[in-house]
Every structure is written in structure tokens, then in C-alpha cells.
Amino acid sequence: MEDRRPSTAIIDLVARVDGVDPIALEPLYNAIDPDKLDTICDPRSGFQQLSFAYEGRTVTVEAFEEGVEISLADAEYPGAETGSTAGAESSL
């Protein structure tokens, strides 16, 4: 298992899905505090799940016995069709 911070994994996953350099993305701190995200996303702390909007997607971070899983879904907008970003998952 890789020892990466959730904040870094989210940026890497979104960049990979979008096919862009991570530096080209909006700063994560515009959506959520990366330091707090990394602190609370520890399965041993009782953390279970959180979701937030970033780069036009809903990012979901979930804790499992095996670690933390990050998934992306297309953001839902009123009147728009909803969907899921295929293959957009990362595990820590």
C-alpha cells in the first residue's frame, strides 16, 4: 500500500482522469482544507466518509478496514443528467 496523503491522491486522481498536469488544476484548498482533510481521513480515528465538490466533480473519501478509498462522480447540477466518471477510484 502506498503511503500518500488523501489530499495528494485526490489531486493525482483528478489530473489523471482529466488528462492534465496536476499543476493545471484549481488549488484543492479552494474546495477543502488539505491539512484538515489529511488529518481526519485516518480510519483509526473513527473517520467514515466525506464528500465535497472539486473541479466539477463530487469527490468521496471513504474509510475501510484496508485503508481509504477515493472516488469521483460527475457533479450533479439541477436539470443536468448525472453520471459517474469511469475508472475514477484510488486507494490509499
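Here the structure is shown first, and the text comes after it.
Small disclaimer: the values here were computed from a predicted structure and weren't measured.

Thresholds applied
Residues numbered from 1 in each chain as written. Predicted model: local features only at pLDDT ≥ 70, side-chain atom pairs only at ≥ 80, totals over all residues. Heavy atoms only, no water. Helix = DSSP H or I, 4+ residues; strand = E, 2+ residues; numbered from the N terminus. Buried < 20%, exposed > 50% of the residue type's maximum accessible area, 1.4 Å probe, protein only. Contact = heavy atoms within 4.5 Å. Pairing = 2+ DSSP bridges.

Engineer: I would appreciate a short explanation of the overall build of the chain in the present structure.
Structural biologist: Looking only at helices and strands, the chain features 2 helices and 4 strands. Listed N to C, the secondary structure of the chain is α-α-β-β-β-β in terms of helices and strands. Relative to its 92 residues, the chain shows a buried fraction of 33%. In the chain, the share of contacts with a sequence separation of at least 24, taken over all contacts with a separation of at least 6, comes to 38%.

Engineer: Just to check I follow, could you spell out the side chain of D38 for this structure?
Structural biologist: Structurally, the position occupied by D38 is in helix 2 (residues 34-40). D38 sits in the buried class, given a relative accessible area of 17%.

Engineer: Help me out: how do you make sense of the pairing of strand 1 (residues 49-54) in this one?
Structural biologist: Side-chain positions along a regular strand alternate between the two faces of the sheet. Of the two faces of strand 1, only the one carrying L50, F52 and Y54 is buried; Q49, S51 and A53 on the other face are not. Here strand 1 runs beside strand 2 (residues 57-64); their pairing, made up of 6 bridges, is antiparallel. Each residue of the ladder has a partner; that of Q49, found in strand 2, is E62. Between strand 1 and the antiparallel strand that follows it, strand 2, lie 2 residues; E55 among them carries a positive phi value of about 55 degrees.

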